[in-house]
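Spelled out from the first residue to the last, the chains are:
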Amino acid sequence: MKYRSLKEEINILELGLPPKKNDGFLGGRLDPKEASLVLIPVPWEVTVSFADGTAKAPDNIRTASHQLDLETYHYIKPYTAGIAMFETDKYVLKLSNKTRKKALKVIEAIEAGENCKKELKYVNEVSKAINSNVYEASLKRLKRGKFVAVVGGDHSCPLGLIKAINDTSNEDFGILHVDAHHDLREAYEGFTYSHASIFYNVLQECKNVSKLVQVGIRDYSKEEAQRMLDLGEKGACLYDTHMQSQLASGKSLEDVFMPYIEQLPQNVYLSIDIDGLEPLNCPNTGTPVPGGLRYGELEHLIFMVVKSGRNILGFDLCEVGDSENGWDANVGARVLYQLCGALLASQGKIEFR
């Protein structure tokens, strides 16, 4: 890809010309060296336990973003701060497909009451290597003063980024996690770095994470529910049923969300699994669950973090499914742009209202 300077990027984007197929996010071609925010695509979905297709999400979202208009209501011209999305690593995508086949053998063996130690070892080793790859890529950009986000892939993808932020931060930070699931299982199905284990691993490996606030949770195991309780003051969860009952009784989104936002420290990382939304927004995500947030509710939740004066250090968007009509990617691209705007606004790179 032939890169453009930030000045050239702004001028071309504002012309509103149709992007070319291979252009980057929003049709941009910004040199990452001139970006305030860099997006790292991670086409990885080895341990998914239901439907697949999320490994294609980074490219699908990039393509879908070409039909987005650049103006947003809350965030004033996010693109002018410089947003660059790296090209998807085709080797990682191929490795995901190869490793997924071995993971399926492990899952089939478990269901049959057997084991596949060789395949399980391979999956865990390769997953660890991918996490290290994301960690190094994130650390490199953070040390250069960039803000970094991950576009998955399944929800195991952002561990490397969160660890990189942990290792470069002098202060503690909280995580606001929107999802249908707790993702607090330990080594689910034997996979150390499962999509269902991301926040178990984060809490084990990232000592600067002082608070985990979860929103939209509605499908979870006894193990995970107990683990959330065991976190004590370090954890808080707005379960979807509780959220819906409060909204049904006439409470505003501000009334429902603010008690949870207020529990976050000054510095915040946002982790968004698209299945936190109602399935009509994400019908082809890996594990869709009835209920969840409406798109506008998620948008407002994110903006409330900005409006509260907190600093967003980074974010991830994961589990966007693959569909023939591109609907999932269309929603994913819009959520991603909202996240970009929120981070840049919270860091004073753009204005907001």
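Residues numbered from 1 in each chain as written. Predicted model: local features only at pLDDT ≥ 70, side-chain atom pairs only at ≥ 80, totals over all residues. Heavy atoms only, no water.

> Teacher, can you tell me more about the overall build of the protein chain here?
Helix and strand content of the protein chain: 11 helices and eight strands. Once the C-alpha set of the protein chain is aligned to its principal axes, its extents read approximately 60 × 50 × 40 Å. Looking at the protein chain as a whole, 59% of its 353 residues qualify as buried. Once local pairs closer than 6 in sequence are excluded, the contacts in the protein chain between residues at least 24 apart make up 77%. (Helix = DSSP H or I, 4+ residues; strand = E, 2+ residues; numbered from the N terminus. Buried < 20%, exposed > 50% of the residue type's maximum accessible area, 1.4 Å probe, protein only. Contact = heavy atoms within 4.5 Å.)

> Quick question: what am I supposed to make of the packing of helix α3 (residues 90–111) against helix α4 (residues 117–143) here?
Between two packed helices, the angle of one axis relative to the other and the distance separating the axes together describe the packing. Packing of α3 against α4 brings their axes to within 9 Å, and their N-to-C directions diverge by 150°. One finds that α3 runs roughly antiparallel with respect to α4. The chirality of how α3 crosses α4 is left-handed. Contacts from V92, L95, K98, T99, K102, A103, K105 and V106 in α3 reach E119, L120, Y122, V123, V126 and I130 in α4. (Axes fitted to C-alpha atoms, helices over the stretch in contact; angles between N-to-C directions. Parallel < 35°, antiparallel > 145°, perpendicular 65-115°, else oblique. Left-handed = near helix turned anticlockwise from the far one by under 90°.)

> It is not clear to me how a nonpolar patch on the surface should be interpreted in this structure. Could you clarify?
Residues I12, L15 and L17 make up a contiguous nonpolar surface patch of about 300 Å² in total accessible area. Examined against the element boundaries, L15 turns out to sit in helix α1 (residues 6–15). (Patch = residues over 30% accessible without salt bridge, like charges linked within 9 Å, V, L, I, M, F, W, Y side chains within 5 Å. Areas by Shrake-Rupley, 256 points an atom, 1.4 Å probe, with all protein chains shown as cover. Salt bridge = Lys/Arg side-chain N within 4 Å of Asp/Glu carboxyl O.)

> I'm lost on the side chain of N281 in this one. Help?
You can see N281 is positioned in the loop between β7 (267–273) and α10 (295–307). You can call N281 buried: its relative accessible area is 8%. The residues touching N281, leaving out its near neighbours within four places in the chain, are L293, Y295, W327, D328 and V331.

> What should I look at first to understand the pattern of salt bridges in this one?
Opposite charge on two side chains makes pairing possible when the charged atoms of those side chains draw close. On inspection of all chains with the given rule, the structure shows 10 salt bridges. One salt bridge connects E223 with R227, and the closest N-O pair in it is separated by 2.7 Å. With E223 and R227 both in helix α7 (residues 222–230) and four residues apart, this pair spans about one turn of that helix. A cluster of three or more residues bridged by salt bridges with shared partners is formed by D59, R62 and K90.

> Just to check I follow, could you spell out unusual backbone geometry for this structure?
A cis amide bond links G152 to the next residue, G153, at an omega of 15°. Structurally, G153 is set in the loop between β3 (147–152) and α5 (159–168). Even without glycine at this site, K77 takes up a positive phi of about 50°. Tracing the backbone through its elements, the reader meets K77 in the loop between α2 (57–64) and β2 (83–85). Look at K77 and you get partly exposed, because its relative accessible area is 32%. For A187, which is not glycine, the phi dihedral falls at a positive 45°. Along the chain, the position of A187 falls in the loop between β4 (173–178) and α6 (198–205). Overall, A187 belongs to the partly exposed group, its relative accessible area being 30%.

> What is the right way to look at the sheet that holds β3 in this model?
Working definition: the strands of a sheet are paired by backbone hydrogen bonds and lie parallel or antiparallel to each other. Spatially, the eight strands line up as an open sheet ordered β2-β1-β3-β8-β7-β4-β5-β6, and their pairing is parallel. Of all the strands in the sheet, just β2 and β6 (235–239) have a single pairing partner and so form its edges. Neighbouring strand axes in the sheet, compared pairwise and without regard to direction, differ in orientation by 15° on average. As paired strands, strand β5 (residues 209–217) and β6 are joined by five bridges and run parallel to one another. Paired with V215 across the strands is L238, a residue of β6. Lying over the sheet, α2 contacts β1 (37–42), β2, β3 and β8 (311–318), oriented at roughly 110° with respect to β3. (Pairing = 2+ DSSP bridges.)

> Explain the layout of surface pockets here, please?
Taken as a whole, the largest pocket encloses approximately 360 Å³ of empty space. What lines the largest pocket is a set of 16 residues, and nearest its centre among them are I12, L17, P18, P19 and G27. Tallied by class, residues from the lining of the largest pocket come to eight nonpolar, three polar and five charged. (1 Å grid on protein atoms, 1.4 Å probe; cavity = no way out; pocket = protein on both sides within 12 Å on 5 of 7 lines; lining within 4 Å. Points joined across faces, edges and corners; volume = space filled by probe spheres on them. Nonpolar A, V, L, I, M, F, W, Y, C, P; charged D, E, K, R; others polar.)

> I tried to follow the pairing of β8 on my own but got confused; where do I start?
For a regular strand, the rule is simple: side chains alternate between the two faces of the sheet. Among the eight residues that make up β8, seven are buried, leaving the element largely enclosed by the rest of the structure. As judged from the four bridges shared by β3 and β8, these two strands associate in the parallel manner. Opposite A149, over in β8, you have F315 as the bridge partner. With seven bridges connecting them, β7 and β8 associate as parallel partners. Along β8, the bridge assignment pairs Y269 with G314. Regarding topology, α10 serves as the crossover connection from β7 to the parallel β8, and that connection is right-handed. (Right-handed = clockwise from strand over helix to strand, strands pointing away.)

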